[in-house]
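# Architecture at a glance
Listed below, chain by chain, are the residues.
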Amino acid sequence: MSEDRKGQLAIFGGKPTFPKPLHVGVPNLGDRERLYARIDGILDHRVLTNRGPLVMEFEERIADLVGVRHCIAMCNGTVALEIVTRALEFEHEVITPSMTFIATAHALQWQRITPVFCDIAPGGHHLDPARIKDLVTPRSSGILPVNLWGRPCNIDTIMSVAGHYELPVVFDSAHAFGCSYKGKMIGGFGTAEVFSFHATKFINSFEGGAVVTDDDDLAEKVRLMQNFGFEGRDSVVHVGINGKMTEIEAAMGLTSLESMPAFVEHNRQNYAAYRDGLHRVPGIRLIEYDEREHCNFQYIVIELDECISSVTCAQMLDILAAENIDARRYFYPGCHRMEPYRSYFPNAGMLLPNTENLLGKVLTLPTGTSVSVEQVEKITGLIARVIESGRSVGLRLRAMSGRREYSIDSACEA
Ligand code: T4K
């Protein structure tokens, strides 16, 4: 590399901070020997699926950890959402945020239920309970809030609004396994909750999910519906689907659970390093965990204020990518701006000002057991360096590319 490129950002031709990409969501792996032993057992017994012993053990462990009577393990979180909302006879319209992974909305739309997008609270990331009443109609059949990033939404207020309108609540807690709200584990709220154990989640079963509930009748119905509606060999009592978790997935899930304290501790240390490295950086706000609660620390989320940093979110994403830091713009541009919702409700954004504002400035950064504290320190050091010369970096990038997303919001000039 020539002398004049030394010390340059990689996007301007310098050497990348990392030789290989660091991603958001690289799977945490537990003890391989324990996993292999479990897989041997599966092969020895030749029970591969259909609620074998490992799936039952996994369900028991999850229910115990969460403190609920029932856990029904599923092939993934999306199907878990579809089955539980179907079992509850959700129909017509369900109120849910747009600030979520597309699976939340799709799980409804797949059943021809309209997701009615509710804005998030000002300054927050979660469903605004104060907005729910504006969206309730005679066609509303339920509420599907999301415990985004593993941080609980305003559960008490949502439950009280839902109670007022007699609407059942299912929480999408795909991110929130191992977290608590006011001391009680997430999973025990509403009529039911759904977890994801996808490879990218801090506890994973390769693919996987679960419905957890204290409602005995609902649990029974969900269990039947995930197995084609079969009650016994020759009798089908509900419409159903195949939503089963396999034994090998449960083997991974159980092995992953055994390392849960180590995963959480690793994530916590990375989070602390991000907090220490970013707290004085102007224009960056790290979304903090409430450490009085149980937290899984699995998402590192920052808000970037381009008026202060002079660098837009899209620019920062590209700067980081050039350094081999694969940050993500979860969940940009919002479900309401993706198909089919964009076509169905082209003006939905007008009712979602807080969501739209937030989505323009959120970035998720790499963490998990494949990312070390030393690497986090390099990431935060780099972000601080970019922002220190934000104005010139921003201008230079704009000169290199006229991308619309590289333009600073005109409101910043005011
Ligand atoms: N509700 C909410 C709020 C959710 O966030 C999700 C899923 C669901 C419901 C539905 O749950 P599932 O049906 O998925 O169980 C990922 C995941 O696919 C998805 O599970 C997750 N949320 C969402 C937030 O993130 P992508 O498309 O952003 O991830 P992907 O596949 O690009 O993976 C991220 C990075 O992780 C990759 O760049 C590389 C690394 N990676 C990934 C996989 C799968 C690996 O290193 N190894 C791997 O095996 O969606």
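That block above? That's the structure.
The sections below set out a description of the structure shown in this document. (Residues numbered from 1 in each chain as written. Predicted model: local features only at pLDDT ≥ 70, side-chain atom pairs only at ≥ 80, totals over all residues. Heavy atoms only, no water.)

Within the structure shown, the criterion is met by one disulfide. Here C307 is linked by a disulfide to C412, with a sulfur-sulfur distance of 2.1 Å. Its S-S torsion of approximately -75 degrees makes the covalent link between C307 and C412 left-handed. One end of the pair, C307, is in helix 10 (residues 306-309); the other, C412, is in the segment after helix 15 (390-400), with 105 residues separating them in the sequence. Taking relative accessible area as the criterion, C412 reaches 18% and is therefore assigned buried. You can see C71 has no disulfide; the closest cysteine sulfur is in C75, sitting 13 Å from it. (Disulfide = S-S within 2.5 Å. Helix = DSSP H or I, 4+ residues; strand = E, 2+ residues; numbered from the N terminus. Buried < 20%, exposed > 50% of the residue type's maximum accessible area, 1.4 Å probe, protein only.)

Before going further, it helps to examine the pairing of strand 12 (residues 300-304). Across the five residues of strand 12, five count as buried, placing the element largely inside the fold. Residues of strand 12 alternate between two faces, with I300, I302 and L304 on one and V301 and E303 on the opposite face, all of them buried. By the bridge criterion, three bridges tie strand 11 (residues 284-286) to strand 12 in an arrangement that is antiparallel. Paired with L286 across the strands is I302, a residue of strand 12. Where strand 12 and strand 14 (residues 362-365) come together, four bridges link them in antiparallel fashion. Bridge pairing links V301 to T364 in strand 14. (Pairing = 2+ DSSP bridges.)

Along the chain, R329 falls in the loop between strand 13 (325-326) and helix 12 (341-344). A distance of 3.2 Å separates the side chain of R329 from the side chain of E405, its partner in a polar contact. (Polar contact = N/O pair within 3.5 Å; in protein donor to acceptor, adjacent residues only side chain to side chain.)

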